[in-house]
Amino acid sequence: AKCVDIALSSCTDVAYTQMMYPNFLDQKSREVIEYSSEYLLISVIHNLLQGECNPDLRLLGCSVLAPQCEKDKVIKPCRHACENLKKNCLPAFDAIDMAWPYFLDCDRFFVGEEEGCFDPLAKLRGEVDVEEDSPSDLPATFIQFKHHSYSQMVSTLKKTASKCSHIATTYSIGRSFDGKDLFVIEFSTKPGHHELLKPEFKYIGNMHGNEVVGKELLIYLAQYLCSEYLLGNPRIQTLINNTRIHLLPSLNPDGYELAAEEGAGYNGWVIGRQTSQNLDLNRNFPDLTSEAYRRAGIRGARLDHIPIPQSYWWGKVAPETKAVMKWLRSIPFVLSASLHGGELVVTYPYDYSRHPMEEKMFSPTPDEKMFKMLAKAYADAHPVISDKSELRCGGNFVKRGGIINGAEWYSFTGGMADFNYLHTNCFEVTVEVGCEKFPLEEELFTIWHENRDALLNYMEMVHQGIKGIVSDKFGNPIKNARISVRGIQHDVTTAADGDYWRLLPPGTYMVSAQALGYSRVMKRVTLPNRTKRAGRVDFVLRPLEPWPNKLLRRSMEETHDPYDPLELFDPHTQHGQPEAGGGAEAGREKPWWWSYFSSLDLHKPLWLLKQ
């Protein structure tokens with residue numbers, strides 16, 4: 001037997017080019033494989049599972065049906081890759097009443113690493129196309145100002161985290177629809193852990209795949225933070241020592257690949273903007289702004305931590321969107337910015353107009369003063385945005401100081417910034433970093449230097465306002481206590497350790513803390529001008545029974561919907577939609593998916609039927 005080129009259409013995107021006949025199922029030719037039930041299954045599994053666990057399952061199946069061949073020897077796939085995927089994806093098979101495929105038996109067709117196996121899913125983690133090493137004569141602080149492919153981005157982030165392993169780590173918040181990890185690099189004195197009273201900050205780039213500048217800026221920023229920390233830069237050391245920073249360079253890697261095929265210099269508004277599902281991620285979040293407007297006229301109603309309506313889940317929700325929502329629930333973010341392209345301006349919530357028929361209508365949040373301060377922190381530190389010339393990119397916003405309320409610019413629903421503000425504690429602005437969506441490589445160095453100080457200045461704003469711990473009289477932290485500011489109809493809540501952060505501009509405030517079963521405590525707080533760190537305001541709450549306000553109790557208990565798919569969603573796969581009328585389905589002789597195999601007369605996959 002000899003190595004031959006792979007000619008199976010469902011396996012042409014594997015990380016190798018040659019296979020061997022017969023395969024592990026003793027199928028001796030291309031024709032035998034293509035007419036088999038095993039091959040048909042990997043061809044349609046994406047549709048059967050509504051995108052969940054794919055392309056992982058298909059690539060795993062190809063490693064058995066089209067085994068990797070090098071120098072006329074077969075290399076078996078790794079058992080750990082099979083076991084991890086089975087653990088994550090078996091619930092998806094159970095959901096459609098399908099048995100785990102016999103040819104993906106992890107003990108039978110897969111081997112351990114000691115036997116020289118290969119990982120068929122390494123390509124999805126960016127571990128196959130290795131970035132070329134920088135010339136050895138370059139200093140360790142050297143940043144290559146170029147466009148990064150997905151694998152180059154992952155490689156650069158991992159190398160950066162390795163160089164600064166005492167303050168950095170990488171992790172994935174989930175998978176794109178096409179199976180690419182949504183990689184984050186984190187900087188903190190205790191990477192991977194939330195530290196008491198240390199605020200959480202995030203930057204997100206490349207939400208629209210064809211708007212690539214934000215992605216590159218965050219890759220450069222990661223390298224800069226690492227290098228400058230090692231060099232002893234006091235500003236960077238202070239920032240990292242007192243802040244937990246998360247950088248997600250590409251939220252839409254699938255769209256980026258489409259845009260990259262057009263090449264740098266392409267500035268169209270369509271190709272690559274959306275995901276592989278043809279979804280605009282910045283229109284895909286729950287519309288909580290409409291609910292906030294409805295509540296605004298109700299006395300005592302809160303305009304914060306609004307639950308996701310059940311009807312939202314019956315629409316088409318991208319796995320990238322769900323991954324972000326799950327991320328927001330797992331970390332108590334305080335401040336964020338999403339980097340876009342196509343203009344040069346900083347916008348802030350609300351992005352959806354108070355009047356649905358008004359496309360350009362000033363629509364402020366209860367935190368209008370704070371949001372303007374945040375937006376100006378970025379704009380004023382950017383030499384071009386702060387330039388007074390109107391004959392330039394972003395010149396239309398000069399009279400506004402380079403910032404604008406989102407809905408006053410143009411109104412849209414389902415935006416990520418509004419969702420951050422209305423569902424979580426996090427304040428988020430949108431930064432349009434330039435009129436060119438996909439600039440030429442030689443422009444990237446200049447763009448970096450225009451944005452570097454603005455990026456740092458905005459991150460430092462996470463220390464504006466007050467922070468503290470809410471506990472009982474014994475010192476036990478109280479989770480989900482509400483921090484209220486008189487005159488601002490928007491609360492924040494405490495994290496698991498009882499700590500909180502409340503962004504506020506300079507001024508004098510009446511701040512109160514309250515929690516279910518405890519008395520309310522109020523304090524007068526004055527924040528001076530030009531302060532660079534949050535004021536410490538702790539609260540000790542005393543038990544109170546019975547609960548005096550049933551409406552308040554209900555509002556504090558019901559922070560999420562009783563039906564909440566996000567709680568069960570695995571961010572590394574795509575959550576399928578619930579099926580209506582499922583009870584009738586169970587009474588049929590064969591599951592609904594059996595019709596996919598009707599063309600197989602003699603070799604129907606009985607092994608997929610649960611006994």
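Not measured: the values here are computed from a predicted model. (Residues numbered from 1 in each chain as written. Predicted model: local features only at pLDDT ≥ 70, side-chain atom pairs only at ≥ 80, totals over all residues. Heavy atoms only, no water.)

Attention now moves to the packing of aromatic side chains. Summed over all chains, the structure comprises 30 aromatic pairs. Summarising the aromatic geometry, the rings of Tyr 348 and Phe 371 are spaced 6.4 Å apart at their centres and angled 10° between planes, so their arrangement reads as stacked. Of the two residues, Tyr 348 sits in strand S10 (residues 343–348) while Phe 371 sits in helix H11 (residues 368–379), which places them 23 residues apart along the sequence. For the pair Tyr 348 and Phe 371, a shared accessibility class is recorded, and that class is buried. Clustering of aromatic rings is evident, with ring pairs tying together Tyr 293, Tyr 348, Tyr 350, Phe 371, Tyr 421 and Phe 427. (Phe/Tyr/Trp six-rings, centres within 6.5 Å; stacked < 30°, edge-to-face > 60°. Helix = DSSP H or I, 4+ residues; strand = E, 2+ residues; numbered from the N terminus. Buried < 20%, exposed > 50% of the residue type's maximum accessible area, 1.4 Å probe, protein only.)

With that settled, consider helix H7 (residues 234–242). Among the residues making up H7, those that are buried are Ile 236, Leu 239 and Ile 240. Each buried residue of H7 sits inside an arc of 90° when the element is viewed along its axis, so together they form one side. Against strand S6 (181–187), helix H6 (213–231), strand S8 (244–248) and helix H14 (444–460) lie the buried residues of H7. Taking the backbone nitrogen of Arg 235 as reference, a side-chain oxygen 3.0 Å away marks Asn 233 as the first, capping residue of H7. (Arc of directions from axis to C-beta. Contact = heavy atoms within 4.5 Å. Polar contact = N/O pair within 3.5 Å; in protein donor to acceptor, adjacent residues only side chain to side chain.)

A few words now on the packing of helix H3 (residues 56–65) against helix H4 (residues 79–95). Axis separation between H3 and H4 bottoms out at 11 Å; the angle between their running directions is 125°. On the basis of the axis angle, H3 is oblique to H4. In the crossing of H3 with H4, the sense of the turn from one axis to the other is left-handed. For the pair formed by H3 and H4, the contact residues are Asp 56, Leu 57 and Leu 60 on the first element and Cys 82, Leu 85 and Phe 93 on the second. A per-class count over the contact of H3 with H4 returns 5 nonpolar, no polar and 1 charged. (Axes fitted to C-alpha atoms, helices over the stretch in contact; angles between N-to-C directions. Parallel < 35°, antiparallel > 145°, perpendicular 65-115°, else oblique. Left-handed = near helix turned anticlockwise from the far one by under 90°. Nonpolar A, V, L, I, M, F, W, Y, C, P; charged D, E, K, R; others polar.)

What follows deals with the side chain of Ser 512. Inspection of the secondary structure puts Ser 512 in strand S17 (residues 507–514). Reaching out from Ser 512, the side chain makes a polar contact with the side chain of Arg 520 at a distance of 3.3 Å. Beyond its immediate sequence surroundings of up to four residues, Ser 512 is in contact with Arg 482, Ile 483, Ser 484, Arg 520, Val 521, Met 522 and Phe 539.

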